[in-house]
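Fold and contact review
Single-letter residue listing:
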Amino acid sequence: MNDQTASGRRPYDWPEQRRSMERTILAFRALAGDEGVGRDQPHPADALQALADSGLHRVIKQRILLDGLLRVRPERDQTIDEATRYLLRRTLPADVDASRVDEVMRLLDDVVGGDGRDRLQPSHWEAFADRAKEVYGYDIEELSFSSGCNDRQQAIKLTPDGQPKLSRLIEAQFWSNEPPMAFARYVNPLNWPRCSSAWQEMKVLSGTARESGDYTCVFLEVVEINDRELRVPLEVGYRERADGSRVWARFNIDHDHYEARKRTDPVPVDVDTGTVSAELRPGGPARTLVRATKYLHMVDDDGMVPELACDAGWPDLMIAMAERCATRWPPEEPVTVTPEAGRTALVDAAIRRFVDEVAAEYQQGIGQTRPHFRRLIGRFTGASWDPRWINDLLDIGKVTADRYGAVASSVRGLADGLRNADRGGRP
Amino acid sequence: MSNEELIRLRPRDLAAVWGTAFGQMVDLSRAWLNVLMEAGSAEDPALVGDHRVELRVRATDGRMPRLAARNLVGETFRRSLDPSLVTFTDRGPAGPDLVLVECGVDESRASSIKGDLYHGEVVDERGAVMGRIVLDAGS
């Protein structure tokens with residue numbers, strides 16, 4: 001396996017999870033009579049049941065449920081209501097009594113009630129999460145999660161041929177108390193196949209991709225959405241601010257590869273650009289704003305792909321990142337071994353994660369202090385005395401302080417892990 | 001340097017040292033000022049980095065003043081963006097003597113723009129800075 005290819009290191013294999021998302025979305029759309037959706041879709045009740053039983057994060061399940069119910073307001077029936085209750089019950093924390101599902105059901109009806117058809121808007125999730133937070137105990141990432149997902153957000157973008165196209169804007173964001181660098185693994189496109197079931201591969205075509213530190217290179221991005229594989233050459237610039245206050249990646253279609261493939265294997269999209277970032281933003285509801293935007297335009301008329309990229313793939317990427325790449329959210333699946341063995345395994349995993357994180361923090365910290373330390377020594381040993389060594393000392397101190405902050409976050413993660421182990425792995 | 005040598009040093013012998021140290025203090029205070037300017041940026045939607053951002057500026061005769069963008073540089077690829085591509089739309093009053101202005105980039109007038117988040121300033125006709133913006137432009 002090529003070291004520059006991330007797919008071979010993918011520890012999670014969840015094509016079934018992704019399909020359960022896509023099937024539920026398509027099932028609701030078919031029932032709502034959306035054009036372009038095949039009639040051979042499962043009934044939403046069956047799809048919801050499979051979604052509820054999947055190992056997906058509860059925010060993904062609940063958001064897809066909300067979106068579906070908004071789309072089929074006139075067609076909603078008893079079977080859908082029963083499946084809805086099932087999903088809400090399956091996503092309840094272990095220590096919350098199942099009888100509270102009725103209460104959540106009423107909250108849900110308040111949010112999705114009405115006559116006409118609608119689509120999930122950030123305000124819908126905001127209203128539901130705010131009312132249901134007492135039952136579900138949502139954390140700040142879940143409460144603040146916001147994803148624009150409709151036809152109203154569009155912008156003119158140029159294709160590599162210079163043609164202006166009205167492109168769909170897909171965006172998702174949430175706030176977190178973790179420092180920006182805690183999300184570096186997610187922001188780095190090299191890791192996207194490890195973060196999301198939609199990403200099959202990020203293969204380096206030119207340049208060099210790195211696990212950390214700035215780089216610019218061209219990837220072949222291989223994404224699977226609704227059983228369709230999209231292969232897009234992307235030029236990516238990955239950057240980390242020296243003080244750790246922002247980490248981001250910008251991606252654009254690589255014009256040379258786009259042109260070269262025109263005759264033999266045309267690129268299926270002509271606009272695919274955006275930014276993935278985590279940034280310290282004082283004054284917000286939490287420390288760090290994690291944000292992803294993507295402008296997309298398909299070459300052909302396959303309207304389903306951008307819709308699914310919006311409704312499922314992109315928010316999934318965000319949430320899966322927080323759960324898996326940043327190790328902030330514990331796994332949601334119930335432990336299937338004996339309680340004691342399961343608890344031991346969870347404690348071991350939490351300790352292992354903690355040790356890995358702290359070791360990584362110190363390794364990175366030593367690397368980041370190197371240029372300041374080199375300058376400091378240079379000023380001391382230079383021909384004349386240079387009092388700017390104070391700056392270097394302060395820079396070293398700042399790196400150290402940032403590291404202590406990150407280590408403190410890891411300690412909190414360990415504490416959460418131990419607490420969740422006692423609850424059978426549930427947050 | 002021995003103690004005796006130190007005693008013989010006059011203040012002006014150390015002028016360069018103190019001058020540099022003073023410069024250092026200025027640098028430090030400038031850094032603190034930058035930190036303070038960044039504080040509260042979460043509440044400024046103009047800095048989030050959308051393809052359209054909104055800015056509150058002081059109105060001239062109750063209307064949007066003549067505005068221009070300058071120093072727009074991409075944060076990733078460090079390319080400059082032609083400021084004349086930035087459009088300003090009056091979105092109406094935003095409080096006493098304030099007007100809400102929507103800024104965007106008219107990409108259809110460009111032949112090619114490197115996709116990036118472009119950081120820059122909005123100035124009035126006298127060149128006074130009205131605010132900072134971060135615009136998503138290009139592809």
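**Points about the overall build of chain B**
What chain B contains, in helices and strands, is two helices and six strands. Listing each helix as α and each strand as β along chain B from the N terminus yields α-α-β-β-β-β-β-β. Across the 139 residues that make up chain B, the buried fraction comes to 24%. Contacts spanning at least 24 positions in sequence make up 65% of the contacts within chain B whose residues lie at least 6 apart.

**Here we look at the interface of chain A and chain B**
The interface of chain A with chain B comprises 26 residues on the first partner and 26 residues on the second. Those elements that place two or more of their residues in the side of chain A that touches chain B are strand S2 (154–158), strand S6 (228–240), strand S7 (246–253), strand S8 (269–280), strand S9 (288–298) and helix H13 (389–422) of chain A. Looking at which element gives the most residues to the side of chain A that touches chain B, the answer is S2(A), with four residues. Considering only residue class, the side of chain A that touches chain B consists of 12 nonpolar, nine polar and five charged.

**Let's talk about the sheet that holds strand S1 (residues 52–58) of chain B**
All names here are of chain B. Judged by pairing direction, the sheet is antiparallel, and its three strands sit side by side in the order S1-S4-S3 without closing on themselves. Every other strand in the sheet has two partners, leaving S1 and strand S3 (86–93) as the edge strands with one partner each. On average, each strand axis in the sheet is inclined to that of its neighbour by 30°, with strand direction left out of account. Where S3 and strand S4 (residues 98–105) come together, six bridges link them in antiparallel fashion. Directly across from Pro-93, in S4, lies its bridge partner Val-99.

**Here's the deal with unusual backbone geometry**
All names here are of chain B. Despite not being glycine, Asp-61 shows a phi value in the positive range, around 50°. Along the polypeptide, Asp-61 turns up in the loop between S1 and strand S2 (67–74). Look at Asp-61 and you get exposed, because 6 C-beta atoms sit within 10 Å.

**So, the confidence of the model for chain A**
All names here are of chain A. For chain A, per-residue confidence averages 80 on the pLDDT scale, and 74% of positions sit at 70 or higher. Contacts of residues 1–13 to residues separated by more than four positions or lying in other chains number 20 contacts, the stretch itself having pLDDT below 50. Contacts from residues 328–337, a stretch scored under 50 in pLDDT, to residues over four places away or in other chains number 24 contacts.

**Some points on the packing of helix H3 (residues 58–71) of chain A against helix H6 (residues 122–136) of chain A**
Residue and element names in this part refer to chain A. Two elements in contact, H3 and H6, have axes separated by 11 Å at closest approach and are oriented at 120°. By the angle between their axes, H3 is oblique relative to H6. The handedness of the crossing between H3 and H6 is right-handed. Here Arg-63, Leu-66 and Leu-70 of H3 lie close against H6, whose contacting residues are His-124, Trp-125 and Phe-128. Counted by class, the contact of H3 with H6 contains four nonpolar, one polar and one charged residues.

**Structural notes on the environment of A:Thr216**
Residue and element names in this part refer to chain A. Along the chain, Thr-216 falls in strand S5 (residues 215–225). A tally of 16 C-beta atoms within 10 Å means that Thr-216 is categorised as partly exposed. It is 38 Å that separates the C-alpha atoms of Thr-216 and His-124, two residues lying 92 residues apart in sequence. Sequence-distant contacts of Thr-216, that is, excluding residues within four places in its chain, are made with Gly-207, Val-236 and Gly-237.

Definitions and limits used
- Residues numbered from 1 in each chain as written.
- Chains lettered and ligands numbered in written order.
- Predicted model: local features only at pLDDT ≥ 70, side-chain atom pairs only at ≥ 80, totals over all residues.
- Helix = DSSP H or I, 4+ residues; strand = E, 2+ residues; numbered from the N terminus.
- Buried ≥ 20, exposed ≤ 12 C-beta atoms within 10 Å, placed from the backbone.
- Contact = placed C-beta atoms within 7 Å.
- Nonpolar A, V, L, I, M, F, W, Y, C, P; charged D, E, K, R; others polar.
- Pairing = 2+ DSSP bridges.
- Axes fitted to C-alpha atoms, helices over the stretch in contact; angles between N-to-C directions.
- pLDDT = per-residue confidence, 0-100.
- Parallel < 35°, antiparallel > 145°, perpendicular 65-115°, else oblique.
- Left-handed = near helix turned anticlockwise from the far one by under 90°.

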